[in-house]
Amino acid sequence: MILYDNRDLRFLLLSRVGSVIFAPNVLLPALVSDCLCAAILCAPDMKVHLIMSGSVVRIYATILGFVIVFRTNMAFNRYFDGVLHVKAMLSKWRDAFCSLCVFIEASALKIQEQGAVEIVCELAESKARLVHWFSVLTAIVVQKLTGVEGFQEGVSVRDHPDDRVGEKETDRPMPTVPVCYASEQSDIAK
């Protein structure tokens, strides 16, 4: 299970993963310009000592505003491009999963007509494994994209009982899906 809270503003604002708030190349120029603006605004006679007209400060503030707006616009564009690519990736995965499931279903119906019930049961188990692995694949991607590193303690993706190598078929636990849906298909056909 992936544990994160996307409504925790403290985590979102103070997170160092994917954030530009605490980056040195952002803080230093912002701090210098803030100190300059604060000095000019706090001391009205500072303009006389700096030999700077009020229009220079207005021009500087206008340019700084445009830079901030353009930078924010570029960041939003990058973010939504990323969202678009993730959406396309998940859509292709879903299409691949649906194609595999349709192939398994069509094969099961054809093999069931021939009377090989054991093979139909194996196909049902294969379909359950596909559901498992595509779910794990999606969960890992979501975990990586949220920036949370590592799995829960003591849980491993490799511990799935259907993927143990070297065991006999009789040693495996029963799958959580119906073992064989041959009888269901024959009920539907009637």
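Residues numbered from 1 in each chain as written. Predicted model: local features only at pLDDT ≥ 70, side-chain atom pairs only at ≥ 80, totals over all residues. Heavy atoms only, no water.

Draft legend 1. Representation of the overall build of the protein in the model. Counting its secondary structure elements, the protein contains six helices and zero strands. Every one of the 190 residues in the protein was classed for burial, and the buried ones make up 14%. Counted over contacts in the protein with a minimum sequence separation of 6, partners at least 24 positions apart contribute 60%. (Helix = DSSP H or I, 4+ residues; strand = E, 2+ residues; numbered from the N terminus. Buried < 20%, exposed > 50% of the residue type's maximum accessible area, 1.4 Å probe, protein only. Contact = heavy atoms within 4.5 Å.)

Draft legend 2. View of the nonpolar core. In terms of nonpolar packing, the biggest core is built from seven residues, these being Ile104, Ala108, Ile111, Val120, Leu123, Leu130 and Phe134. For this core, the leading source of residues is helix 5 (residues 117-146), giving four residues. (Core = buried A, V, L, I, M, F, W, Y, C linked by side-chain atoms within 4.5 Å.)

Draft legend 3. Structural view of the packing of aromatic side chains. Tallying each qualifying case throughout the model produces four aromatic pairs. Measuring from centroid to centroid gives 6.2 Å for Phe66 and Phe70, while their planes differ by 25°, and the two rings are stacked. Note that Phe66 and Phe70 are positioned in helix 4 (residues 54-114) at a spacing of four residues, about one turn of the helix. Joined through ring pairs, the aromatic side chains of Phe76, Tyr79 and Phe80 make up one cluster. (Phe/Tyr/Trp six-rings, centres within 6.5 Å; stacked < 30°, edge-to-face > 60°.)

Draft legend 4. Representation of the packing of helix 2 (residues 24-42) against helix 4 within the structure. As a packed pair, helix 2 and helix 4 sit with axes 12 Å apart at the nearest point and diverge in direction by 150°. Viewed along their axes, helix 2 and helix 4 adopt a mutual orientation that is roughly antiparallel. The crossing of helix 2 and helix 4 is left-handed. Contact residues: Val26, Ser33, Cys37 and Ile40 in helix 2; Val57, Tyr60, Leu64 and Arg71 in helix 4. Its residues assigned to classes, the contact of helix 2 with helix 4 shows six nonpolar, one polar and one charged. (Axes fitted to C-alpha atoms, helices over the stretch in contact; angles between N-to-C directions. Parallel < 35°, antiparallel > 145°, perpendicular 65-115°, else oblique. Left-handed = near helix turned anticlockwise from the far one by under 90°. Nonpolar A, V, L, I, M, F, W, Y, C, P; charged D, E, K, R; others polar.)

Draft legend 5. Seen up close, a nonpolar patch on the surface. On the surface, Leu36, Tyr60, Leu64 and Ile68 cluster together to form a nonpolar patch covering roughly 320 Å² of accessible area. Here the nonpolar patch gets three residues from one element, more than from any other, and that element is helix 4. As for its position among the elements, Tyr60 is in helix 4. (Patch = residues over 30% accessible without salt bridge, like charges linked within 9 Å, V, L, I, M, F, W, Y side chains within 5 Å. Areas by Shrake-Rupley, 256 points an atom, 1.4 Å probe, with all protein chains shown as cover. Salt bridge = Lys/Arg side-chain N within 4 Å of Asp/Glu carboxyl O.)

Draft legend 6. Seen up close, the pattern of salt bridges. Tallied over the full model, the rule gives one salt bridge. Note that Lys127 and Glu105 form a salt bridge whose closest N and O atoms lie 2.5 Å from each other. Of the two residues, Lys127 sits in helix 5 while Glu105 sits in helix 4, which places them 22 residues apart along the sequence. Judged by its relative accessible area of 24%, Lys127 falls in the partly exposed class.

Draft legend 7. How the structure looks around the environment of Phe97. Its place among the elements puts Phe97 in helix 4. Placed 30 residues apart in sequence, Phe97 and Lys127 show a C-alpha to C-alpha distance of 9.6 Å. Once residues lying within four places of it in the same chain are set aside, the contact partners of Phe97 are Leu130, Val131 and Phe134.

Draft legend 8. Here's a closer look at helix 4. Between its first and last C-alpha, helix 4 extends 90 Å over 61 residues, near the 90 Å set by a 1.5 Å rise per residue. Of the positions making up helix 4, those classed as buried are Cys101, Ile104, Ser107, Ala108 and Ile111. Close packing links the buried residues of helix 4 with helix 5. Gly115 occupies a position one or two residues after helix 4 and carries a positive phi of about 90°. (Expected span 1.5 Å × (residues − 1).)

Any functional reading would require information beyond the geometric quantities listed.
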